[in-house]
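Chain residues, written in single-letter form:
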Amino acid sequence: MRHGGRAAGVGGDRGSASVWAAMAAGALCVVFAAVLALGQAVAARHRAGGAADLAVLAAADRALRGSGPACDAAVQVAREQRAEVVRCVVHGEIADVTARARFGPYVTEVRARAGPPEAWPGPAGPPGRPAAVP
């Protein structure tokens, strides 16, 4: 049968490939956006973790000078890492720091502790130190 100069049913699917291509491109954009968001969240976590680790080491290095100088050092180091110290506590030689970092819309906090090593079990003491003489 001929209808309007064409065979019946031939022009019914015309342009459907464009619709499928547009849908596939849209789906790929959604997946790409999700991967980018996940990457930003991971980057924020790593930035906060690195800042917390470095800040707590700076605080532990100055722990014997008191809580004020130790936490001041932690704040300065965290600021240089584009993060901020949310909490800084020093008990004796142990420093405990929580740092917050932002990356894109994500904000994450990481806590770190540092201080001298605990007593090493065994007669030889910790590696690299001479054994105790009785």
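First, a word on scope: everything that follows refers to the structure included in this document. What you see is a predicted model, and the numbers here were worked out from it, not measured in a lab. (Residues numbered from 1 in each chain as written. Predicted model: local features only at pLDDT ≥ 70, side-chain atom pairs only at ≥ 80, totals over all residues. Heavy atoms only, no water.)

**Section: the overall build of the protein chain**
Along the protein chain, the regular secondary structure elements total 2 helices and 5 strands. Each helix and strand of the protein chain, ordered N terminal to C terminal, gives the series β-β-α-α-β-β-β. Expressed as a percentage of its 134 residues, the buried residues of the protein chain come to 21%. Sequence-distant contacts in the protein chain: of pairs separated by 6 or more residues, those separated by 24 or more amount to 38%. When the accessible surface of the protein chain is totalled, it reaches about 9,500 Å², and 60% of it is carbon and sulfur. (Helix = DSSP H or I, 4+ residues; strand = E, 2+ residues; numbered from the N terminus. Buried < 20%, exposed > 50% of the residue type's maximum accessible area, 1.4 Å probe, protein only. Contact = heavy atoms within 4.5 Å. Areas by Shrake-Rupley, 256 points an atom, 1.4 Å probe, with all protein chains shown as cover.)

**A few points about a nonpolar patch on the surface**
Among the surface-exposed residues, V19, W20 and M23 lie close enough to one another that they form a single nonpolar patch of about 370 Å² accessible area. Locating M23 in the fold gives a position in helix α1 (residues 16–61). (Patch = residues over 30% accessible without salt bridge, like charges linked within 9 Å, V, L, I, M, F, W, Y side chains within 5 Å. Salt bridge = Lys/Arg side-chain N within 4 Å of Asp/Glu carboxyl O.)

**Considerations on the state of the cysteines**
Throughout the structure, instances matching the rule amount to 1 disulfide. The disulfide bridge from C71 ends at C88, spanning 2.1 Å between sulfur atoms. Here the disulfide of C71 and C88 is left-handed, its torsion about the S-S bond being about -90°. Of the two residues, C71 is situated in helix α2 (residues 67–80) and C88 in strand β3 (residues 83–91); the sequence distance between them amounts to 17 residues. (Disulfide = S-S within 2.5 Å.)

**Focus on the pairing of strand β4 (residues 94–103)**
Within a regular beta strand, the side chains point alternately toward one face of the sheet and then the other, so they alternate between its two faces. Across 8 bridges, β3 lies against β4 in antiparallel orientation. Bridge pairing links V90 to A95 in β4. Hairpin connection from β3 to β4: 2 residues lie between these consecutive antiparallel strands, with G92 at a positive phi of about 65°. Where β4 meets strand β5 (residues 106–114), 9 bridges bridge the pair, whose relative direction is antiparallel. Looking at the pairing, R100 lines up with E109 of β5. Connecting β4 to the next strand, β5, in antiparallel fashion are 2 residues, including G104 with a positive phi near 65°. (Pairing = 2+ DSSP bridges.)

**Thoughts on the packing of α1 against α2**
Direction vectors running N to C along α1 and α2 enclose 155°, while the axes themselves pass 7 Å from each other. Compared by their axis directions, α1 and α2 come out roughly antiparallel. Crossing angle aside, the handedness with which α1 passes α2 is right-handed. Residue-level inspection shows L54, A55, A58 and A59 of α1 in contact with α2, the latter providing A70, A73, A74, V77 and A78. Looking at the contact of α1 with α2 residue by residue, the classes come out as 9 nonpolar, no polar and no charged. (Axes fitted to C-alpha atoms, helices over the stretch in contact; angles between N-to-C directions. Parallel < 35°, antiparallel > 145°, perpendicular 65-115°, else oblique. Left-handed = near helix turned anticlockwise from the far one by under 90°. Nonpolar A, V, L, I, M, F, W, Y, C, P; charged D, E, K, R; others polar.)

**Regarding the sheet that holds β4**
Spatial ordering of the open sheet is given by β3-β4-β5, a layout of 3 strands whose pairing is antiparallel. Each edge of the sheet is formed by a strand with only one pairing partner; in this case those strands are β3 and β5. Mean inter-strand twist for the sheet, computed between neighbouring axes without regard to direction, equals 15°. Sheet strands touched by α2: β3 and β4. Its angle to β3, the strand with the most contacts, is close to 155°.

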